[in-house]
Amino acid sequence: GATTAIEFTKEGANVVINGRNETKLNKVSQQCEEHGKKPLIIKADISKDDEAKAAIDETIKRFGRLDILVNNAGFTKPGSILDGNLLKSYDEVMGTNVRAAIHLTALAAPYLIKTKGNIVNVSSVSGSSMPVKPQLISYCVSKAALDHFNRCAALELSEYGVRVNAVSPGPVITDFRRNAGVGEDITERENLTALKRISESIEIADLILFLASDKAKGVTGSNYVSDNGCLIK
């Protein structure tokens, strides 16, 4: 998310960044400013309906339009069938990874129709693979649901010229796992990939920029995988 915001800024976009951690938001804002315009910062938990609506409303109030929605917010919370935490994990993970993306899509759609804009959903190879640990079941299920919503939204909005696509990264070096409290050093997952490497976040940001641009004007309902061969292995 942070790298994507920076790369959009480099391209001259008016960028809106959303998150719950004000310190991280300010850090990303400073990085964006080094390459272009200062982004609009919206501190919100988009799993809460009123805060999600406020984020869209504030964006329109500031810029008067919306061209691209990147549904990137996501997290995981450990819980397996046998450890007693599955339902709590499922409710929280689905609330952010799926429900919030659906809600933001519905809120943004009228504005995207006006601009013939597009949506990029950030999914994961976990949506089409088994969890590496049972405690990640909810995350895998959430990304599978997001993948199918991506196709459904693409079909419905295609009538209005709005494209909807997804990117599915494999292991990427970010602070995602540290935030989730699942512990494992991401660099230790190189052996899960065919290319024996872990992606940098810029690789995923470049893919998001491509899908959001006119270079991908004929692409909708697609899910672009960038996983170093994780799925084929």
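Up top is the structure.
Throughout, a residue's number is its position along its own chain's written sequence, starting from 1. Confidence filtering applies because this is a predicted model: local features only for residues at pLDDT of at least 70, side-chain atom pairs given and counted only at 80 or more, and all residues used for totals across whole chains, interfaces and linings. Side-chain numbers here rest on the full set of heavy atoms in the structure, without hydrogens or water.

Before going further, it helps to examine the overall build of the protein chain. When you go through the protein chain residue by residue, the secondary structure sums to seven helices and six strands. Note on conventions: DSSP H or I runs of at least 4 residues are helices, E runs of at least 2 residues are strands, and numbering of each starts at the N terminus. Reading the secondary structure of the protein chain in the N-to-C direction produces α-β-α-β-α-β-α-β-α-β-α-α-β. As defined in this context, the radius of gyration uses C-alpha atoms, and a globule is described by 2.2 Å times the residue total to the power 0.38. Here the C-alpha radius of gyration of the protein chain, 17 Å, is about what a compact globule of 233 residues would show, namely 17 Å. In terms of overall dimensions, the protein chain has a C-alpha envelope of 50 × 35 × 35 Å along the principal axes. When each of the 233 residues of the protein chain is scored for burial, the buried share is 45%. Here a residue-residue contact requires only that any non-hydrogen atoms of the pair lie within 4.5 Å. Restricting to contacts in the protein chain with at least 6 residues of sequence separation, those with at least 24 account for 71%. Computed with the Shrake-Rupley method and a 1.4 Å probe, the accessible areas treat only the protein chains shown as cover for residues. Just so you have it, the protein chain exposes about 12200 Å², and 53% of that area is on carbon and sulfur atoms. Three exposure classes are used, based on accessible area relative to the maximum for each residue type with a 1.4 Å probe and protein chains only: buried under 20%, partly exposed in between, and exposed over 50%.

Positive phi is not limited to glycine here, since lysine 116 has a value of about 55 degrees. Here lysine 116 lies in the loop between helix H4 (86–115) and strand E4 (118–122). The phi angle at asparagine 228 is positive, at roughly 55 degrees, despite the residue not being glycine. When you line up the elements, asparagine 228 lands in the segment after strand E6 (223–226). A residue is classified by how much of its surface remains accessible, and asparagine 228, at 8% relative accessible area, is buried.

Two rings from Phe, Tyr or Trp (for Trp, the six-membered ring) form a pair when their centres are within 6.5 Å of each other. A pair whose planes differ by under 30 degrees is stacked, one over 60 is edge-to-face, and the rest are tilted. Applying the stated criterion across every chain yields a total of one aromatic pair. Where phenylalanine 210 meets tyrosine 224, the ring centres are 6.1 Å apart and the plane angle is 50 degrees; that geometry is what we call tilted. Linking phenylalanine 210 in helix H7 (residues 201–212) with tyrosine 224 in strand E6, this pair joins segments that are 14 residues apart in sequence. What makes phenylalanine 210 partly exposed here is its relative accessible area of 28%. Note that arginine 62 overlies the ring of phenylalanine 63, its terminal NZ or CZ placed 6.0 Å from the centroid. The criterion for a charge sitting over a ring is simple: Lys NZ or Arg CZ within 6 Å of the ring centre, and within 35 degrees of the ring normal.

Contact geometry for helix H1 (residues 2–10) and H7: axes closest at 8 Å, N-to-C directions at 50 degrees. As judged from the angle between their axes, H1 and H7 are oblique. Read as a crossing pair, H1 and H7 show a hand that is right-handed. Packed against H1, whose contacting residues are Thr3, Thr4, Glu7 and Phe8, the element H7 presents Ser201, Ile202, Ala205, Asp206, Ile208, Leu209 and Ala212 at the interface. Its residues assigned to classes, the contact of H1 with H7 shows six nonpolar, three polar and two charged. Note on definitions: angles span 0 to 180 degrees between N-to-C directions of axes, and those axes are lines fitted to C-alpha atoms, for helices only across the stretch in contact. Note on angle classes: values under 35 degrees are labelled roughly parallel, values over 145 roughly antiparallel, values of 65 to 115 roughly perpendicular, and the remainder oblique. In this scheme the handedness of a crossing depends on how the near helix is turned from the far one: anticlockwise by less than a right angle means left-handed, clockwise means right-handed. Under the scheme applied here, ten amino acids are nonpolar (Ala, Val, Leu, Ile, Met, Phe, Trp, Tyr, Cys and Pro), four are charged (Asp, Glu, Lys and Arg), and all others, including Gly, are polar.

It is worth spelling out the environment of lysine 53 at this point. Residue position: lysine 53 is located in helix H3 (residues 49–63). Judged by its relative accessible area of 42%, lysine 53 falls in the partly exposed class. Each C-alpha atom of the pair lysine 53 and proline 169 lies 28 Å from the other, and the pair is 116 residues apart in sequence.

So, about the sheet that holds E4. Two strands in a sheet stick together by hydrogen bonds in their backbones, pointing the same way (parallel) or opposite ways (antiparallel). Think of it this way: DSSP has to see at least two bridges between two strands before they count as a pair. Taking strand neighbours across the sheet as the criterion, the four strands line up as E3-E4-E5-E6 in an open arrangement whose pairing is parallel. Here the strands that pair on one side only, and so sit at the sheet edges, are strand E3 (68–71) and E6. Neighbour to neighbour, the strand axes of the sheet diverge by 20 degrees on average, direction disregarded. Inspection of the sheet shows E3 paired to E4 by four bridges, in the parallel sense. Paired with valine 70 across the strands is valine 120, a residue of E4.

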